[in-house]
Amino acid sequence: MNYALVTGGSRGIGKAVCIKLAEMGHNVIINYTSNEEEAKKTQEAVKAKGVDAIIMKFDVGNIEQVDNTLGKWMEDNKDKNISVLVNNAGIRRDNLLVFINPEDWHKVMNIAVDGFYNVTRLVCKQMLSKRKGRIINMVSLSGLKGMAGQTNYSASKGAVISATKALAQEVGKRGITVNAVAPGFIKTDMTTDIPEDQFKAMIPLNRFGEAEEVAGVVGFLVSDAASYVTGQVISVNGGLYT
Ligand code: NAP
């Protein structure tokens, strides 16, 4: 039985990705770190599409938690296989560089960069043995362009963009594709403090995006239509940056 694992699947873009993948017929493992109530709502929405949905609590940045939950689940469920991984969990802790405290620097890097490593290392090993898999990393416009007030976040997403390109070259011969999706401004809990009215004028499509519009691109990258696409970063930003 095949599963898609979506980190940070309880809310926002991750939730929309879980629902999209469920619509495409994938069983889904919904990871979250604190918001069990929202994770359960996503689980219900996924189950409503007629596929299996498992919620799994771990902090992607904590290697012991990843090993003891995800690693243990993989060990205990040898009949189940994770064929799709969406590394989506992420946070912002914005400030001008000189005011970023060490905790906010390391926390953002930890969740994005260590989180990518902690989870992908386990799942990719299984994909290599099956000679099949799709890995999609949720990065950001900020990691491509650099954004003032987000040096920690830009650095973390830039690192994952480079890791995407490197890993794609490592595992391509084994039938695994690795791509990244780079959203611009998307309406989720992460962006409630950013006023759309003030910012939309600089976006060619003149609005913020919906989580479902990002999920649609993830769905494409997971689909057979994207079988020859790897090592790419696909922007979903309303034309804000090309
Ligand atoms: P969100 O609404 O704030 O949701 C964040 C999700 O990540 C939640 O499911 C949360 O789980 C989970 N999460 C946070 N820290 C985690 C950890 N340490 N371990 C496991 N899960 C964790 O954010 P979003 O806007 O959907 O963002 C999703 C991804 O897209 C992030 O990587 C973000 O950087 C990227 N992105 C977003 C935008 C945007 O405009 N929204 C733009 C560019 C890129 P809980 O519910 O348990 O807290």
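Structure's up top.
Now for a description of the structure that goes with this document. (Residues numbered from 1 in each chain as written. Predicted model: local features only at pLDDT ≥ 70, side-chain atom pairs only at ≥ 80, totals over all residues. Heavy atoms only, no water.)

## A short note on the site of the ligand
To be explicit about the condition: Only heavy atoms are used to decide nearness, and a residue is near a molecule or strand if one of them lies within 4 Å of it. Here a polar contact is taken to be a pair of N or O atoms separated by no more than 3.5 Å, where protein atoms must pair a possible hydrogen donor with a possible acceptor and residues adjacent in sequence count only if both atoms sit in side chains. Surface accessibility in these figures is a Shrake-Rupley result with a 1.4 Å probe; residues are shielded only by whichever protein chains are displayed. Grid points spaced at 1 Å and placed over the protein atoms alone form the basis of the search, with a cavity being a set where a 1.4 Å probe fits but cannot get out and a pocket an open set showing protein on both sides within 12 Å along at least five of seven lines. Lining residues have an atom within 4 Å of a point. In this description, a molecule resides in a pocket or cavity if more than half of its atoms sit within 2 Å of the grid points defining it. For helices the rule is a DSSP run of H or I covering at least 4 residues; for strands it is a run of E covering at least 2, with both sets numbered from the N terminus onward. Basically, the charged four are Asp, Glu, Lys and Arg, the nonpolar ten are Ala, Val, Leu, Ile, Met, Phe, Trp, Tyr, Cys and Pro, and anything else, Gly included, counts as polar.
Among the 32 residues in the neighbourhood of the ligand, the closest are listed as S10, S34, N88, Y153 and T188. The backbone of S34 places a nitrogen or oxygen atom 2.7 Å from an oxygen atom of the ligand. Here an oxygen atom of the ligand sits 2.7 Å away from a polar atom, N or O, in the main chain of N88. Relative to its free-state accessible area of 900 Å², the ligand is covered by the protein chains to the extent of 95%. In a pocket analysis with a 2 Å cut-off to the grid points, the ligand is assigned to the largest pocket. Sorting the residues of the shell around the ligand by element identifies α1 (12-23), β2 (27-32) and α6 (151-171) as the ones contributing at least two each. Residues that form the shell around the ligand fall into these classes: 14 nonpolar, 14 polar and 4 charged.

## As for the packing of aromatic side chains
Under the convention used in this document: In summary, the pairing rule links any two rings of Phe, Tyr or Trp, Trp by its six-membered ring, whose centres are within 6.5 Å, and it sorts them by plane angle into stacked for under 30 degrees, edge-to-face for over 60 and tilted for everything else. The buried label applies to any residue whose accessible area, calculated with a 1.4 Å probe on protein chains only, is under 20% of its type's maximum; exposed applies above 50%, and partly exposed to all values in between.
For the coordinates displayed, the defined rule picks out 3 aromatic pairs. When the centroid spacing of 5.6 Å and the interplanar angle of 55° are considered together, the rings of F185 and F199 count as tilted. One end of the pair, F185, is in the loop between β6 (176-183) and α7 (196-199); the other, F199, is in helix α7, and 14 residues separate them in sequence. Taking relative accessible area as the criterion, F199 reaches 28% and is therefore assigned partly exposed.

## Observations concerning the pairing of β6
So the rule is basically this: Two strands qualify as a pair provided that DSSP identifies no fewer than 2 bridges between them.
Among the 8 residues in β6, 8 count as buried, and that is most of the element. With burial as the criterion, each face of β6 is covered, one bearing I176, V178, A180 and A182 and the other bearing T177, N179, V181 and P183. Relative to β6, strand β5 (residues 133-138) is paired through 6 bridges, and the arrangement is parallel. Bridge pairing in β6 links R134 to T177. Summarising the sheet, β6 and strand β7 (residues 233-236) pair through 4 bridges and their orientation is parallel. In the strand pairing of β7, A180 is matched with V233.

## Let's talk about the layout of surface pockets
For clarity, the cut-off: Grid points are joined across faces, edges and corners, and a volume is the space filled by probe spheres set on the points.
Size it by volume and the largest pocket reaches roughly 1000 Å³. A89, G90, I91, R92 and M190 are, among the 44 residues lining the largest pocket, the residues nearest its centre. Elements with a contribution of two residues or more to the lining of the largest pocket: α1, β2, α4 (102-130), α5 (141-145) and α6. Element by element, the count of residues in the lining of the largest pocket is highest for α1, at 3 residues. Among the residues forming the lining of the largest pocket, the class breakdown is 19 nonpolar, 17 polar and 8 charged. Approximately 230 Å³ is the volume attributed to the second largest pocket. Counting residues per element, the ones that place at least two in the lining of the second largest pocket are β4 (81-87) and β5. Its residues assigned to classes, the lining of the second largest pocket shows 2 nonpolar, 8 polar and 3 charged.

## As for the sheet that holds β4
Formally: In this description, a line fitted to the C-alpha atoms serves as the axis of each element, helices being fitted only across the stretch in contact, and the angle between N-to-C directions of two axes falls anywhere from 0 to 180 degrees. Whether two residues are in contact is decided by their heavy atoms, any of which lying within 4.5 Å being enough.
Spatially, the 7 strands line up as an open sheet ordered β3-β2-β1-β4-β5-β6-β7, and their pairing is parallel. Lying at the two open borders of the sheet, with one neighbouring strand each, are β3 (53-57) and β7. Put simply, the sheet's adjacent strands are angled 25° from each other on average, direction ignored. Of the strands in this sheet, β1 (2-6), β2, β4, β5 and β6 touch α1, which is tilted by about 165° from β1. Taken strand by strand, helix α2 (residues 36-47) contacts β2 and β3, and its axis lies near 160° from that of β3.

## So, a nonpolar patch on the surface
Heads up, the condition is: Only residues whose relative accessible area exceeds 30% and that form no salt bridge are eligible for patches; like-charged ones are grouped when within 9 Å, while nonpolar side chains (Val, Leu, Ile, Met, Phe, Trp, Tyr) are grouped when within 5 Å. Put simply, a salt bridge is a Lys or Arg side-chain nitrogen that is within 4 Å of an Asp or Glu carboxyl oxygen.
Among the surface-exposed residues, L96, V98 and F99 lie close enough to one another that they form a single nonpolar patch of about 350 Å² accessible area. Structurally, L96 can be placed in the loop between β4 and α4.

## Observations regarding α6
Basically, it comes down to this: Helices are assigned an expected span. That span is 1.5 Å times one less than the residue count.
Over its 21 residues, α6 runs 30 Å from end to end, which matches the ideal 30 Å to within 8%, given 1.5 Å per residue. Among all positions in α6, only N152, Y153, S154, S156, K157, G158, V160, I161, T164, L167, A168 and V171 are buried. Elements that come into contact with the buried residues of α6 comprise α4, β5, α5, β6 and β7.

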